[in-house]
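Topology and contacts: notes
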Amino acid sequence: MRREIYLDNSATTAVLPETAELMHTIYVEEYGNPSSTHHKGVEAERRLRTAKKTLAGILGCSEKNLIFTSCGTESDNLALIGAARAHCRRGKHLVTTMIEHPAILETTKYLESEGFEVTYLPVDNSGLVSPQQVAEAVRSDTILVSVMHINNEIGAVEPVAEIGKAIKEKNPETLFHVDAVQSFCKAQICPGKMNIDLLSASGHKIHAPKGIGLLYIGDRVRIRNIIFGGGQQGGMRSGTENVAGIAGMAFSAQKLYRNLDQELEKLYTLKQCLIDQVLEIPEVYVNGKTGTESAPHVISLSVKGVRAEVLLHALEDKGIYVSAGSACASNRPHVSETLKAIGLPKELLDSTIRISLSIFNTQEDIDDTAAALKEIIPFLRRYTRS
Ligand code: PLP
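In what follows, the accompanying structure is described. (Residues numbered from 1 in each chain as written. Predicted model: local features only at pLDDT ≥ 70, side-chain atom pairs only at ≥ 80, totals over all residues. Heavy atoms only, no water.)

A few words on the side chain of Ser200. Relative to the helices and strands, Ser200 is located in strand β7 (residues 198-202). Polar contacts involving the side chain of Ser200 include one to the side chain of His177, which spans 2.8 Å. When near neighbours in sequence (up to four residues on either side) are disregarded, Ser200 contacts Gly72, Ser75, Asp76, His177, Val178, Asp179, Ala180, Val181, Leu214 and Leu215. (Helix = DSSP H or I, 4+ residues; strand = E, 2+ residues; numbered from the N terminus. Polar contact = N/O pair within 3.5 Å; in protein donor to acceptor, adjacent residues only side chain to side chain. Contact = heavy atoms within 4.5 Å.)

Turning our eyes to something else, we now look at unusual backbone geometry. One non-glycine residue, Arg220, adopts positive backbone phi at about 65 degrees. Assignment of secondary structure puts Arg220 in the loop between β8 (213-217) and α7 (243-258). Note on Arg220: relative accessible area 85%, which makes it exposed. Notably, Gln233 is not glycine yet its phi reads approximately 50 degrees, a positive angle. Turning to its location among the elements, Gln233 is positioned in the loop between β8 and α7. (Buried < 20%, exposed > 50% of the residue type's maximum accessible area, 1.4 Å probe, protein only.)

It is worth spelling out the packing of aromatic side chains at this point. The geometry of an aromatic ring pair comes down to the distance between the two centres and the angle between the two planes. Within the structure shown, the criterion is met by 0 aromatic pairs. The ring centre of Tyr31 lies 4.9 Å from the NZ or CZ of Lys40, which sits over that ring. Positioned over the ring face of Phe116 is Lys92, at 4.9 Å from the centre of the ring. (Phe/Tyr/Trp six-rings, centres within 6.5 Å; stacked < 30°, edge-to-face > 60°. Lys NZ or Arg CZ within 6 Å of the ring centre and 35° of its normal.)

It is worth spelling out the packing of helix α3 (residues 72-87) against helix α4 (residues 102-113) at this point. Helix packing for two helices is described by the angle between their axes and how far apart those axes are. Remark: α3 packs on α4, axes separated minimally by 9 Å, with the N-to-C direction vectors making an angle of 30 degrees. One way to sum up the angle between α3 and α4 is to call them roughly parallel. When you trace α3 past α4, the crossing you get is right-handed. In contact with Thr73, Asp76, Asn77, Leu80, Ile81, Ala84 and Arg85 of α3, α4 contributes Ala103, Ile104, Thr107, Thr108, Tyr110 and Leu111. Partitioning the contact of α3 with α4 into residue classes produces 7 nonpolar, 4 polar and 2 charged. (Axes fitted to C-alpha atoms, helices over the stretch in contact; angles between N-to-C directions. Parallel < 35°, antiparallel > 145°, perpendicular 65-115°, else oblique. Left-handed = near helix turned anticlockwise from the far one by under 90°. Nonpolar A, V, L, I, M, F, W, Y, C, P; charged D, E, K, R; others polar.)

Neighbouring residues of the ligand: 15 residues in total, closest Thr73, Asp179, Gln182, Ser202 and Lys205. Contact distances for the ligand include 2.8 Å between an oxygen atom and a side-chain N or O atom of Gln182. His204 places a side-chain nitrogen or oxygen 2.9 Å from an oxygen atom of the ligand. Coverage of the ligand by the protein amounts to 94% of the 390 Å² it exposes when considered alone. Residue contributions to the shell around the ligand peak at 3 residues, all from α3. Its residues assigned to classes, the shell around the ligand shows 4 nonpolar, 8 polar and 3 charged. (Near = heavy atom within 4 Å. Areas by Shrake-Rupley, 256 points an atom, 1.4 Å probe, with all protein chains shown as cover.)

If the charged atoms of two oppositely charged side chains come close together, the side chains can form a pair. Tallied over the entire structure, the rule returns 20 salt bridges. One salt bridge connects Asp141 with Arg139, and the closest N-O pair in it is separated by 2.9 Å. Judged by its relative accessible area of 30%, Arg139 falls in the partly exposed class. Two residues, Asp350 and Arg307, come together in a salt bridge whose shortest N-O distance is 3.3 Å. Taken as a pair, Asp350 in the loop between α11 (346-349) and β13 (352-356) and Arg307 in the loop between β10 (298-303) and α9 (308-317) lie far apart in primary sequence, 43 residues in all. You can call Asp350 partly exposed: its relative accessible area is 44%. One continuous salt-bridge network, built from bridges that share partners, spans Arg3, Asp365 and Asp368. (Salt bridge = Lys/Arg side-chain N within 4 Å of Asp/Glu carboxyl O.)

A few words on helix α6 (residues 160-170). Taken as a whole, α6 has its buried residues at Val160, Ile163, Gly164, Ala166, Ile167 and Lys168. Summarising the contacts, the buried residues of α6 are in contact with α5 (131-137), β5 (142-148) and β6 (175-179).

Bridge count for strand β3 (residues 93-97) against strand β4 (residues 117-121) is 5 bridges, and the pairing is parallel. Bridged to Thr96 within β4 is Tyr120. Each parallel crossover has a hand, and for β3 linked through α4 to β4 it is right-handed. (Pairing = 2+ DSSP bridges. Right-handed = clockwise from strand over helix to strand, strands pointing away.)

Among the 5 residues of β8, 5 are classified as buried, and the element is accordingly described as predominantly covered. Residue alternation in β8 divides its side chains into two sets, Gly213, Leu215 and Ile217 and Leu214 and Tyr216, and both sets are buried. Two elements, strand β2 (residues 66-69) and β8, share 4 bridges in a ladder whose sense is antiparallel. Looking at β8, one finds that Phe68 is bridged to Leu214.

On to helix α2 (residues 39-59), then. Here α2 is 21 residues long and its end C-alpha atoms lie 30 Å apart, about the 30 Å a rise of 1.5 Å per residue gives. Close packing links the buried residues of α2 with β2, β7, β8 and α7. A positive phi of about 65 degrees marks Gly60, the residue just after α2. (Expected span 1.5 Å × (residues − 1).)

Looking now at the environment of His207. With respect to the element layout, His207 can be found in the loop between β7 and β8. Between the C-alpha atoms of His207 and Gly82, which are 125 residues apart in sequence, the distance is 28 Å. Apart from the residues within four sequence positions on either side, His207 is in contact with Thr13, Ala14, Val15, Leu16, Thr19, Ser252, Leu256, Ser358, Ile359 and Phe360. A distance of 2.7 Å separates a polar atom in the side chain of His207 from the backbone oxygen of Ala14.

A word on a positive patch on the surface. Positive charge collects at one region of the surface, where Arg85, Arg89, Arg222 and Arg224 lie side by side. Mapping Arg89 onto the fold places it in the loop between α3 and β3. With relative accessibility at 85%, the residue Arg89 sits in the exposed group. (Patch = residues over 30% accessible without salt bridge, like charges linked within 9 Å, V, L, I, M, F, W, Y side chains within 5 Å. Lys, Arg positive; Asp, Glu negative; His and termini not counted. Charge placed at Lys NZ, Arg CZ, Asp CG, Glu CD.)

Next comes the structure, spelled out in structure tokens:
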């Protein structure tokens, strides 16, 4: 079989084999409904409790602060719509940034259609929003601020702890939501210590399956449910719990979190090594910050004179998988709002690929990818410029 190098880990990750094994056991043996009162139900309920305990330990919170959803998108929707509906009498203003994932930006668009007002903050050319900018945008009627922790396209790491502090100093009643889908288990995040009221995470970005998400809801934070039904999870998210997915998410999270410092060091080393090699190619640029000021796993590369789609497929021919801009939203071609927001020159908007690493990647993957880029880029340039 041809060797494959998977470098699209911000889109999704491979499930850890041990996680898949655990989930298999739950699917075929411990398949009870956690709401059932017989043994099978109790067994499933125990799986839920164990998973919650693990995830609460990672986030440094109580188990009662956690709600399971179907994905990061649902967590983001529940946080924003749930908070907006619960606090609309106090105010109708929200603040976010121009580089959020569509799970946030499409939700704020929906809220605008419902009569809410949204301020979209610009970012600097590294993709960063400053705590002062956020504080200046917060008003007495601002009910919620939503800022992502790690940007999915360029790997910018937003200063969420400082932003949380600035928000609460300006208006202690304003809720702070953090989309941590790209940072959970890839950076330290502790909502209780960072003035974060709501935090979203997703299983499939951390070597757990698709179809499972998490929302942290701080103590005394009031939001309304957006799904109605049998009243599971205290009525906050009705629907029979995805027990295998929940257990799988907790298991993978624990595995990653246990060796987090070591894994991060490895990822930063691999990332820097790839950057050093690709910057030897003329007119190739790395977007955003590098080193530990950036995400450990995301590299955004602009390649002058080569269309991203063409480069992506040329790499694919060699068994190397990357994405053009951000492929995690949909397969509709679109110009990236994030790349526009960081002021990338027009001619590079369509020439930017995202390479995203995981703990499974090796030095050999990096060297082979760099060698492939060194071979392909001059070839494609000759082809497109002739
Ligand atoms: N938020 C960010 C920052 C993301 O990168 C993604 C997915 O790529 C999401 C939200 C949506 O997560 P999910 O795919 O689990 O719905």
